[in-house]
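Understanding the architecture of this molecule
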Amino acid sequence: MSGLRVLVGCKRVIDYAVKIRVRPDGLGVVTDGVKHSMNPFDENAIEEAVRLKQKKVVKEIVVASCGPAQSQETIRTALAMGADRGIHVELPAGTEADLQPLAVAKIFAKLVEKEKPDMVILGKQAIDDDANQTTQLLAGMLDWPQGTMASVVDVGDGNVTITREIDGGLEDISVSLPAVVSADLRLNEPRYATLPNIMKAKKKKIAKMNPGDLGVDIAPRLKVLNVVDPPVREAGEKVPDVSTLMDKLKEKGHL
Amino acid sequence: IKLARGCIHARSCMRFPANLHVPTALHVRHGSRMFPELKRGAYSRLTDADLNFFRSIVGEKAVKTEELDHYNEDWLGTVSGFTEVVVCPNSVEQTSALLRHCNDRRLAVVPQGGNTGLVGGSNPVFDEIVLSLERLNNISHLDPFGGVVECQAGVILQTLAETVAEHGYDVPLDLGARGSCQIGGNLATHAGGLRVIRYGQLRGSVLGMRIVLPNGQILDSRSNMRKDNTGYDMKQLFIGSEGTPGVITDVSLLLPQTPNSVNIALFGCNSYEDVVKCYRISRQALGEIVSACEFMDALCMNSVRDNLGLNCPLEERYNFYYLVETSGMDQEHDMEKLERCVERIFDEGCAEDGVLAANKDQARHVMSLRENIAPALKTLGFNYKYDVSLPIKDMYSLVEKTRDKTRTVDGSFSVGYGHLGDNNLHLNVVTPQYSTEALSLIEPFVYEEVCKLRGSVSAEHGMGLKKANYLRYSKDPGIVSMMRTLKQVFDPNGIMNPYKLLPWKE
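Residues numbered from 1 in each chain as written. Chains lettered and ligands numbered in written order. Predicted model: local features only at pLDDT ≥ 70, side-chain atom pairs only at ≥ 80, totals over all residues. Heavy atoms only, no water.

Bringing the overall build of chain B into the picture now. Across its full length, chain B carries 17 helices and 16 strands. On C-alpha atoms alone, chain B measures out to a radius of gyration of 23 Å, which is about the 23 Å that the 2.2 N^0.38 rule sets for 506 residues. Its C-alpha atoms give chain B principal-axis dimensions of about 70 × 60 × 45 Å. Evaluated residue by residue, chain B yields a buried proportion of 60% over its 506 residues. Carbon together with sulfur atoms contributes 49% to the accessible area of chain B, which is approximately 20500 Å² in total. Here chain B contributes 53 positive and 61 negative side-chain charges, whose respective centroids are spaced 5 Å apart. (Helix = DSSP H or I, 4+ residues; strand = E, 2+ residues; numbered from the N terminus. Rg over C-alpha atoms; globule rule 2.2 N^0.38 Å. Buried < 20%, exposed > 50% of the residue type's maximum accessible area, 1.4 Å probe, protein only. Areas by Shrake-Rupley, 256 points an atom, 1.4 Å probe, with all protein chains shown as cover. Lys, Arg positive; Asp, Glu negative; His and termini not counted. Charge placed at Lys NZ, Arg CZ, Asp CG, Glu CD.)

Counting its secondary structure elements, chain A contains six helices and 12 strands. Its C-alpha atoms give chain A principal-axis dimensions of about 70 × 45 × 40 Å. For chain A, with 255 residues in total, the buried portion stands at 45%. By sequence separation, contacts in chain A at least 24 residues apart represent 70% of the contacts at least 6 residues apart. As displayed, chain A has an accessible area near 13400 Å², and 52% of this comes from carbon and sulfur atoms. (Contact = heavy atoms within 4.5 Å.)

We now examine the sheet that holds strand E14 (residues 382-389) of chain B. Taken in spatial order, the eight strands make up an open sheet running E11(A)-E13(B)-E10(B)-E12(B)-E11(B)-E15(B)-E16(B)-E14(B), and their pairing is antiparallel. Two strands close off the open sheet at either side, each with one partner strand: strand E11 (193-194) of chain A together with E14 of chain B. With seven bridges connecting them, strand E15 (residues 413-419) of chain B and strand E16 (residues 424-431) of chain B associate as antiparallel partners. Pairing of glycine 418 of chain B across the sheet is with leucine 425 of chain B, part of E16 of chain B. Of the strands in this sheet, strand E10 (261-269), strand E12 (320-328) and strand E13 (353-356) of chain B are in contact with helix H11 (residues 331-347) of chain B, which crosses E10 of chain B at around 10°. (Pairing = 2+ DSSP bridges. Axes fitted to C-alpha atoms, helices over the stretch in contact; angles between N-to-C directions.)

As a further point, take empty space enclosed by the protein. Residues and elements named next belong to chain A. The full count for this structure, using the stated rule, is seven cavities of 30 Å³ or more. Taken as a whole, the largest cavity holds about 330 Å³ of empty space. If you trace the largest cavity, you find 23 residues lining it, with Lys11, Asp42, Val104, Ala126 and Thr134 closest to the centre. Secondary structure elements with two or more residues in the lining of the largest cavity: helix H3 (101-115), strand E6 (119-123) and helix H4 (134-142). For the lining of the largest cavity, the per-class residue count stands at nine nonpolar, 10 polar and four charged. (1 Å grid on protein atoms, 1.4 Å probe; cavity = no way out; pocket = protein on both sides within 12 Å on 5 of 7 lines; lining within 4 Å. Points joined across faces, edges and corners; volume = space filled by probe spheres on them. Nonpolar A, V, L, I, M, F, W, Y, C, P; charged D, E, K, R; others polar.)

Moving on, we get to a nonpolar patch on the surface. All names here are of chain A. Together, Leu102, Leu137 and Met141 make up a nonpolar patch on the protein surface, roughly 210 Å² of accessible area in all. Residue placement: leucine 102 occurs in helix H3. Residue leucine 102 is classed as partly exposed on the basis of its relative accessible area of 32%. (Patch = residues over 30% accessible without salt bridge, like charges linked within 9 Å, V, L, I, M, F, W, Y side chains within 5 Å. Salt bridge = Lys/Arg side-chain N within 4 Å of Asp/Glu carboxyl O.)

Residue and element names in this part refer to chain B. Taken in spatial order, the five strands make up an open sheet running E5-E6-E9-E7-E8, and their pairing is antiparallel. This sheet does not close on itself; its edge strands, each paired only once, are strand E5 (139-143) and strand E8 (218-221). Neighbour-to-neighbour, the strand axes of the sheet open up by a mean angle of 10°, direction not taken into account. Note: strand E7 (residues 206-212) against E8, four bridges, orientation antiparallel. In the strand pairing of E8, isoleucine 211 is matched with leucine 219. Those strands touched by helix H5 (residues 157-165) are E5, strand E6 (148-152) and strand E9 (247-254), and its axis lies near 40° from that of E5.

A word on the confidence of the model for chain B. Residue and element names in this part refer to chain B. Looking at chain B, the pLDDT average stands at 90 and 93% of residues meet or exceed 70. This stretch, residues 1-27, has a pLDDT under 50; its non-local contacts, to residues over four places away or in other chains, come to 61 contacts. Among the scores for the predicted complex, ipTM is 0.73 and pTM is 0.82. (pLDDT = per-residue confidence, 0-100.)

With that settled, consider the side chain of histidine 190 of chain B. Residue and element names in this part refer to chain B. When you line up the elements, histidine 190 lands in the loop between helix H6 (183-188) and helix H7 (196-199). Judged by its relative accessible area of 11%, histidine 190 falls in the buried class. Here the side chain of histidine 190 touches arginine 203 through a polar contact of 3.1 Å, landing on its backbone nitrogen. Ignoring any residue separated from it by four or fewer positions in sequence, one finds histidine 190 in contact with Gln201, Leu202, Arg203, Ile239, Gly240 and Glu460. (Polar contact = N/O pair within 3.5 Å; in protein donor to acceptor, adjacent residues only side chain to side chain.)

This is how it looks when you write it as structure tokens:
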């Protein structure tokens, strides 16, 4: 059981704590000069892979990211957390918003062909597009079983048991390896990258390629028509007693 | 015995002296009992006629005569007065009318902002009337090109920060009390905080102010000009005056740009000397992007981890911790500098381990470890707090000397932390409960040690009630005498925040 190879995906996104601004042309959000970091769900994915390696279930962690030049920083963070080597599928600057889940899944399918991992772990969804599609598309392309929204991952002999967070509660499933798994927030608490590890990570290898090298057509199939702010939340209204509350609710047609 | 505001039940902790008795409530000491020799001044007493006058100026709802505990008591739960009324004006004219009346009637007044002060300066000692600035909370104007904001003194710092952030600006000061403290109080105490190292002292960012004097006169020094060398700068006298010559009602502040890239690194070090080396390397390698340099000792980190349950990203426990924050406009540029800084720190063996916050969440968390030291210590007993300026190499030896001096007090311990970059040490001694024995060992010892090194006995907290009598340890008698002269000029009847700032004991 020692010696699985895991391929983990990570994406560079606008930091989750940043206040998003819509671009003046209404076709996207402002990214210039805005703080970016690793997609939080991807942190869970990397963390899980590192924990499996610490348990000696996994022998090698390969981390891959599709994005512009700066995605290299994201890969370095993953290496600092404990991944062994990186793959940077580089996109021309400014085109990252056009990269959609279908294209990412195709890229990862090619990477799986090259790297032959026993398991692929991705984050459940990216916080910029909230798509939650790449894992499922990839599993379909590879014809591999999938365990999505995982909050518990338990690797056994040739299979993996996953607890999924679903609307009704929790669902336990068992899938045979090789499989694609997507990490949810409650899967683990991602570690901080320690500075000594950040410095050691500089010596770890990151292979560079572009989608053309993998023979993948990444042209978007969906077109963004318009991006707007959500409507401003209106102030609530305080009422002095229950009967006034009932009147107001009736007035507004809620009763 | 009642629970002081904000008091948290302490959990037992193995790392502190085994016989530490952890109280379930902190004793709230009345200012007059903490200093039994302090006598009430010859001020008038509040009458119904006064209350009616107040109501006629600010309205019924703005004159509070019930549930006054949180105005009477300080945040630390160490001093409490006996005010019978809190008056809340919402304009400079109302403030002027109220003060003029109190001056004519010889009624003592305590101006109060967020009441987060640490030296008992914002609470009544006896029955002084509390003039609360809470309703003067309007942010009237923001100039987006010049980066200047005009607002009233009762605006909560966090509210101000959030408002100006929408236009891409920051406030030039930041401190743990941001959710409760008001900008007027920040000015009256000349608050320091985490960012002095980057944005300078607060007084350098004040472009204009409006002040009401005890006789009701309104001094209007409002201006949005960066440079104005026209005569004596009156407003500067009121910054840091702790409400003793008058009440600040309005301010214009110069704002820095919100940085695009903020990074925090936390290091674990073996010794204070290593911490100082880390600091020196940071200054040399990071230069203009440094925005905070803080340190803390093991007991501080332990109290935050063990008593508040906050997680420290460094797995091992170290003797000292050093925190550096950078703020700049370009993430790549800043990260390159930070990486070089980190390499040097480890190459020169100044730190055992460290972490770099990878996103804003982690950054906030790491800073919260530093900001929660005071709340954590508060849960462990009575806190004797000292906020002093010392030469950087001498800062921690004061902690060690104090620890040694108080070793006979059962269950006591001493900690040091603070704004390393500003040479500002926060020395705290914690005892199970307030004891005059402990106090007599610590004071005036701490102040004498600071005086020997020509430091400041109050770097940023001010003098308030608790430190007023120690003014001579950092200021010449001639200067103290001049302060009294000026106080007399502005407040001849002595009604403004009596017993504070200036020594009341000869």
